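A look at the structure
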Number of protein chains: 2
Amino acid sequence: MKQQHTDISNTHRYCVIMCGGVGSRFWPASRTARPKQFIDFCGTGRSLLQMTYDRLLPLVPKENILIVTNSQYAELIRTQLPDIAGHQILLEPARRNTAPCIAWAAYHIHAIDPKASMIVTPADHLITRETEFHKSINRAFEFVESGDSLLTLGISPDRPETGYGYIQMGTPVSDDFYKVKTFTEKPNLELAKVFLGTGEFLWNSGIFIWKTETLIEALRTYSPDIASRFDAGIEAFGTPDELPFIAREFGSCPSVSIDYALMEKARNVFVEAVNIGWSDLGTWSSLRDHTPRNASGNVTQGCTVMSYNTSGSVFTVAGKDKLVVVDGLHDYVIADTDDVLLICPIANEQHIKQYVNDVKQLIGDKHL
Amino acid sequence: MKQQHTDISNTHRYCVIMCGGVGSRFWPASRTARPKQFIDFCGTGRSLLQMTYDRLLPLVPKENILIVTNSQYAELIRTQLPDIAGHQILLEPARRNTAPCIAWAAYHIHAIDPKASMIVTPADHLITRETEFHKSINRAFEFVESGDSLLTLGISPDRPETGYGYIQMGTPVSDDFYKVKTFTEKPNLELAKVFLGTGEFLWNSGIFIWKTETLIEALRTYSPDIASRFDAGIEAFGTPDELPFIAREFGSCPSVSIDYALMEKARNVFVEAVNIGWSDLGTWSSLRDHTPRNASGNVTQGCTVMSYNTSGSVFTVAGKDKLVVVDGLHDYVIADTDDVLLICPIANEQHIKQYVNDVKQLIGDKHL
């Protein structure tokens, strides 16, 4: 009976995978033409997008999974997710950060199913505790479906990470669910340590759950510049007029994040504190720290590495059957593709965006 | 008249390029299938073999240049030296070090031209002072043609190099020509400093000049185990029977160097002290020290390198148009090919042979 109930209730549940990022922090392994989410980054045989899709499948009917992405990745998505129908892929005509992306998905789903609730998740995060994830998301759906809440997933921190945004928990409303007190951008180490010490802060995962109705109403209140653009075509969503409307209007949306456009302003924002083995895999060091190391303490992807006096390094190699022989590197990234070889201390990984800019300036787009 | 005289006199002069080495110290840039001598190692657009050939052309008639090599490199040589006729390439059926290689060339030339004199040179050395080289070699030919001398080229040392053998000069016999007192294997640094201090020692270049008659007689006296094998087929040389004879007998020669087989034992050994900008390019560090560096103090071959905080390193990349972005490497070798990437401190370059052995043990011949 319980199972039957779930089956009925999840027909109004939708998953939206945001899949349009360029992943420039992982250049050259991640390329404009084939960013991070499309790469088998963990050596599992599945790309991060495929792992995300697999993880969502048990939560909602397969046809309720949508992918929002830049139009240049349509073909990659069809190849990597052959079970996804064309109408489940929303192709953004321009990159406008997460708020317009999520708004479109919400208006689209709401037109099809006014009773819909939805989870929004990036395509390129790592979640290792899948059962716990499913339990948390089902509870999250139940939570938002029983009221008018904007819910975000918060990760209990285990270290003073400076690479993530933080959410301060306010009043508890039920087990693991809290009113959000504040959102904080990436803190410095000192502040991160304070956050960790208070026990009041969670990492901002960038995974959201809400009813489409709640989200659209909140956008109308807190981000009218975005909502008004979509409302202008409200009759078009769910009809053949939707794509022409989007093609015409999407580019005029401001490029802002959903955190900035909505979450930091709205009052009905809640957080579920979860423990799902999450990482945003946002940097080489986070990749290294969340991927099994070999006996020498290195992470190797797509290559055989014979290492001497080398540790704490990440080797990611695109060429099939390539052999890497390395001596005397500690805590380096070695990313090798057909036309680019990057060797860089992991401690300097924040410089990679600068390298990419330099390449663009000096050589052009060829290697990006 | 002088020119006319030279033209007549050099018809009996021959050049023998030894081109059969495997260059394993430069793995993976140098591969069994395409060793160092076939690579454009200096970024000049010509391989070391081609540079050697170009350098010898003004010295002797073109048809008097012979290449001795392992049979597996026949095709590479025909491609790189299209002006060389098939009969100018002597294909060794087995690798037997320099003594049997030189002996065959000498017996072969002597059968064709009993008045011949010859220079023997490796295919993979660098000589930057070409005019001085030509002057020195012409004097060398005149020297050996006027008597029965085994002549070697000695390089005036400018540093206490431990990677070369040394020749001690004895009695001077004419300008720059000396009787050889001793040959010494690679010394340790302390001894090399003493050698440099005395002013009596030259580096052993491995370049030899002699009449074929003198060389064959010396082999008969000092290396009868080699000479007797070639003498057994003396009627065959210069006839269609030569190749079958070599195919049958060459492999039974002992594998020894000409230094060990002859030069260290013979009495009629002389050295010409030359200053020709010579390097045997035997190691990555010698390559680095004899190749122009870019503004960042690195040597780059076949690739564009964008370097940050990187110096004294050698980048050799086989992939066309490959971009290397590197941060934080000082005095490293980075050698990238289609199927192997080597990153190694230049200070550990003597370990490369060990890496190659390890690869052979663990993976097999695939990457060698």
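Higher on the page you've got the structure.
Described below are features of the structure shown in this document.

**Notes on the relation of the copies chain B and chain A**
Turning chain B through 180 degrees and shifting it by 0.0 Å along the axis lays it on chain A, with an RMSD of 0.1 Å. Read as a symmetry element, the transformation amounts to a two-fold axis. Residues of chain B ranked by C-alpha distance from the rotation axis are headed by Asp338 of chain B, positioned 4.2 Å from it. Comparing interface residues between copies, 100% of those in chain B also lie at the interface in chain A; the contact surface is shared.

**Overview of helix H8 (residues 224-231) of chain B**
Residue and element names in this part refer to chain B. Regarding H8, the residues found buried are Ile226, Ala227 and Phe230. Taken end-on, H8 shows its buried residues confined to a sector of 95 degrees, consistent with a single buried face. In this structure, the buried residues of H8 make contact with helix H4 (98-112), helix H7 (212-222), helix H9 (242-249) and helix H10 (258-263).

**A few points about the interface of chain B and chain A**
Taken together, the contact pairs 34 residues of chain B with 34 residues of chain A. Buried surface at the junction of chain B and chain A, summed over both partners, amounts to about 2,600 Å²; 62% is from carbon and sulfur atoms. Our count for the chain B to chain A interface comes out at 2 salt bridges. Asp336 of chain B serves as the salt-bridge partner of Lys322 of chain A, at 2.7 Å between the closest nitrogen and oxygen. Run the count over chain B and chain A and you get 22 residue pairs in polar contact (both at pLDDT 80 or more). If you list the elements that add at least two residues to the side of chain B that touches chain A, you get strand S13 (303-308), strand S15 (322-327), strand S16 (332-336), strand S17 (340-345) and helix H12 (352-362) of chain B. Sheet topology note: the strand S17 (residues 340-345) of chain A/S15 of chain B ladder contains 4 bridges and is parallel. Across the sheet, the residue bridging to Leu342 of chain A is Val325 of chain B, located in S15 of chain B.

**Considerations on the sheet that holds S15 of chain B**
Pairing between the strands of a sheet comes from backbone hydrogen bonds, and it takes one of two forms, parallel or antiparallel. Here we have 6 strands laid out as an open sheet, ordered S12(A)-S14(A)-S16(A)-S17(A)-S15(B)-S13(B), and mixed in their pairing. With one partner strand each, in any of the chains shown, strand S12 (299-301) of chain A together with S13 of chain B form the two edges of the open sheet. Here the strands of the sheet are splayed against their neighbours by 5 degrees on average, with no regard to which way each runs. The pairing of strand S14 (residues 314-317) of chain A with strand S16 (residues 332-336) of chain A spans 4 bridges and is classified as parallel. Bridging from a neighbouring strand, Phe315 of chain A pairs with Ile334 of chain A of S16 of chain A. Against the sheet, helix H12 (residues 352-362) of chain A engages S17 of chain A together with S13 and S15 of chain B, with an angle of about 135 degrees to S13 of chain B.

**A closer look at unusual backbone geometry**
All names here are of chain A. Residue Pro28 is bonded to the preceding Trp27 through a cis peptide linkage, with omega at 5 degrees. Along the chain, Pro28 falls in the loop between strand S1 (13-18) and helix H2 (48-56). Even without a glycine there, the phi angle at Asn309 is positive, about 50 degrees. With respect to the helices and strands, Asn309 occurs in the loop between strand S13 (303-308) and S14.

**Concerning the pairing of strand S8 (residues 177-184) of chain A**
Residue and element names in this part refer to chain A. In the sheet, strand S7 (residues 166-174) pairs with S8 via 6 bridges, with the strands oriented antiparallel. Following the sheet pairing, Met169 is matched in S8 by Val180. Taking the residues between adjacent antiparallel strands as the criterion, S7 and S8 are bridged by 2 residues, where Asp176 takes a positive phi near 70 degrees. When S8 meets strand S10 (residues 269-274), the two strands line up antiparallel, connected through 3 bridges. By the bridge assignment, Lys179 is partnered in S10 with Phe270.

The rules we used
Residue indices begin from 1 for each chain and proceed along its sequence in written order. Labels are handed out in written order, letters beginning with A for the chains and numbers beginning with 1 for the ligands. Note on the predicted model: pLDDT of at least 70 is required for a residue's local features to be given, and 80 or more for side-chain atom pairs to be given and counted; whole-chain, interface and lining totals, by contrast, use all residues. To obtain the side-chain values, all non-hydrogen atoms of the structure were included, while hydrogens and water were left out. Alignment of copies: least-squares fit on C-alpha atoms of residues with pLDDT of at least 70 in both copies. We call two residues contacting when some pair of their heavy atoms lies within 4.5 Å. Burial status follows relative accessibility: with a 1.4 Å probe on protein chains alone, a residue under 20% of its type maximum counts as buried, one over 50% as exposed, and anything between as partly exposed. Helix and strand definitions follow DSSP, with helices as H or I runs of at least four residues and strands as E runs of at least two, each counted in order from the N terminus. Think of the arc as the fan of directions from the helix axis to the C-beta atoms. Buried area counts how much accessible surface, traced with a 1.4 Å probe, disappears from two parts once they are put together, with both parts' losses summed. For this analysis, a salt bridge means a side-chain nitrogen from Lys or Arg found within 4 Å of a carboxyl oxygen belonging to Asp or Glu. N or O atoms within 3.5 Å of each other form a polar contact, as long as, within protein, one can give a hydrogen and the other can take it, and as long as residues adjacent in sequence are counted only when both atoms are side-chain atoms. Any two strands between which DSSP finds at least two bridges are classified as paired. Axes here mean lines fitted to C-alpha atoms, for a helix over just the part in contact, with angles spanning 0 to 180 degrees between N-to-C directions.

Keep in mind that these numbers describe shape and distance, not what the molecule does.
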